[in-house]
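Next come the chains, spelled out residue by residue.
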Amino acid sequence: MTANQRTLEEQKEEFKQKKLLASPIAGLISWFIVAISGIFFPDNITVWVLFVATGSIVYLAMGISKLTGENYLDKTKPKNTFDNLFFLTVAQAILVYSIAIPFFIEDYTSLPLTVGILTGLMWVPLTWIIDHWIGLFHSILRTISILILWYLFPSDRFITIPIAIVIVYIMSIVILKNRRIKT
């Protein structure tokens, strides 16, 4: 092994030191836009806002990462296997649209349910990567909230579900910002 190579454990420790705020902030902004659209526009407009806003989270996060100091596109940083894993979870979240779209075609109101739950699953591996419960907390609370709201407010699914997701993001961002990083 050369002096420039780091073990997986060293790379994991390095990844754990990151703020990890850019992506959740981007998600919060995107779902907030969906909620606002749900309040002010008809569902046939809001479905497209949801597709565009949630499909843009990764790009928005890249821009926000420059403001948070995370700078996802910094080519000068050494490669980290866990950055790659994180981006693979982003790819996984994008691929779930293959489940959401057929259900959307059958019932357009399924979109906040399917996209909301399926894209939230990318938080699960984060718990293991950073050795912190936030990933499971986010995914589980988000899923339960979405399911409850799906049944309780069928005519307001494009409002209540995005608002719940925004609230879960706010809580997650606060937890991430205040977490103690173990070394």
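Presented here is a report on the structure given in the accompanying data block. Given the structure is predicted, the values throughout are model-derived calculations rather than measurements. Numbering of residues begins from 1 in every chain and follows the order in which that chain's sequence is written. The predicted origin of the model limits local features to residues at a pLDDT of at least 70 and limits the giving and counting of side-chain atom pairs to 80 or more, whereas totals for whole chains, interfaces and linings rest on all residues. The basis for the side-chain values is all heavy atoms of the structure; hydrogens and waters are excluded.

## Here's the deal with the packing of aromatic side chains
Planes of paired rings set the category: under 30 degrees apart is stacked, over 60 is edge-to-face and the rest tilted, where pairs are Phe, Tyr or Trp rings (Trp by its six-membered ring) whose centres lie within 6.5 Å. All told, the structure shown has 12 aromatic pairs when counted by the stated rule. Each ring, one from Phe 82 and one from Trp 128, has its centre 5.8 Å from the other, and the planes form 45 degrees; the classification is tilted. Of this pair, Phe 82 sits in helix H5 (residues 81–95) while Trp 128 sits in helix H8 (residues 124–130), placing them 46 residues apart in sequence. Classification of residues uses two cut-offs on accessible area relative to the type maximum, computed with a 1.4 Å probe and protein chains only: under 20% is buried, over 50% is exposed, and between them is partly exposed. Overall, the relative accessible area of 6% leaves Phe 82 in the buried class. Above the ring of Trp 128, the side-chain terminus of Lys 12 is found at 4.2 Å from the ring centroid. Across from the ring centre of Trp 150, 3.2 Å away, lies the NZ or CZ of Arg 157, which sits over that ring. Think of it this way: any DSSP run of H or I at least four residues long counts as a helix, any run of E at least two long counts as a strand, and we number them from the N terminus. Cation placement over rings: the criterion is NZ of Lys or CZ of Arg within 6 Å of the ring centroid and within 35° of the ring normal.

## Comments concerning the side chain of Thr 54
With respect to the helices and strands, Thr 54 occurs in helix H3 (residues 43–55). In this structure the side chain of Thr 54 is engaged in a polar contact, spanning 2.6 Å, whose partner is the backbone oxygen of Leu 50. Two residues qualify as a contact provided that any one of their heavy atoms is within 4.5 Å of a heavy atom in the partner residue. Beyond its immediate stretch of four places on either side in the chain, Thr 54 contacts Ser 30, Trp 31, Val 49, Tyr 97 and Val 115. What qualifies as a polar contact is a pair of N or O atoms within 3.5 Å, subject to a donor-acceptor requirement within protein and to the restriction that residues adjacent in sequence count only when both atoms come from side chains.

## Thoughts on a nonpolar patch on the surface
Any residue with relative accessible area above 30% and no salt bridge may belong to a patch, with like charges joined within 9 Å and the nonpolar Val, Leu, Ile, Met, Phe, Trp and Tyr side chains within 5 Å. Under the convention used here, a 1.4 Å probe and the Shrake-Rupley method define accessible areas, while residue burial counts only the protein chains that appear. Between Lys or Arg on one side and Asp or Glu on the other, a salt bridge is scored when a side-chain nitrogen of the former is within 4 Å of a carboxyl oxygen of the latter. On the surface, Phe 32, Ile 36, Ile 39, Phe 40, Phe 41, Ile 45, Ile 163 and Ile 167 cluster together into a nonpolar patch covering about 740 Å² of accessible area. Broken down by secondary-structure element, the contributors of at least two residues to the nonpolar patch are helix H2 (22–40) and helix H10 (157–178). Structurally, Phe 41 can be placed in the loop between H2 and H3.

## Examining the packing of H5 against helix H6 (residues 97–106)
Orientation is described by axes fitted as lines to C-alpha atoms, over the contacting stretch for helices, and by angles from 0 to 180 degrees between their N-to-C directions. Contact pair H5 / H6: the axes reach a minimum separation of 5 Å and the direction vectors enclose 15 degrees. It follows from the interaxial angle that H5 and H6 lie roughly parallel. Seen from H5, the contacting residues are Ala 93, Ile 94 and Leu 95; seen from H6, they are Tyr 97, Ser 98 and Ile 99. Amino acids are sorted into nonpolar (Ala, Val, Leu, Ile, Met, Phe, Trp, Tyr, Cys and Pro), charged (Asp, Glu, Lys and Arg) and polar (every other residue, Gly among them). Residue composition of the contact of H5 with H6, by class: five nonpolar, one polar and no charged. Here is the rule for angles: anything less than 35 degrees is roughly parallel, anything more than 145 is roughly antiparallel, 65 through 115 is roughly perpendicular, and the remaining ranges are oblique.

## Quick word on H6
Restricting attention to buried positions, one finds in H6 the residues Tyr 97, Ala 100 and Phe 104. Taken down its axis, H6 places every buried residue within 60 degrees of arc, on the same side. Residues of H6 that are exposed and point over 90 degrees away from its buried face: Ser 98, Ile 105 and Glu 106. Residues of H6 that are buried in the fold lie against H3, H5 and helix H7 (111–120). The directions considered for the arc run from the helix axis to the C-beta atoms.

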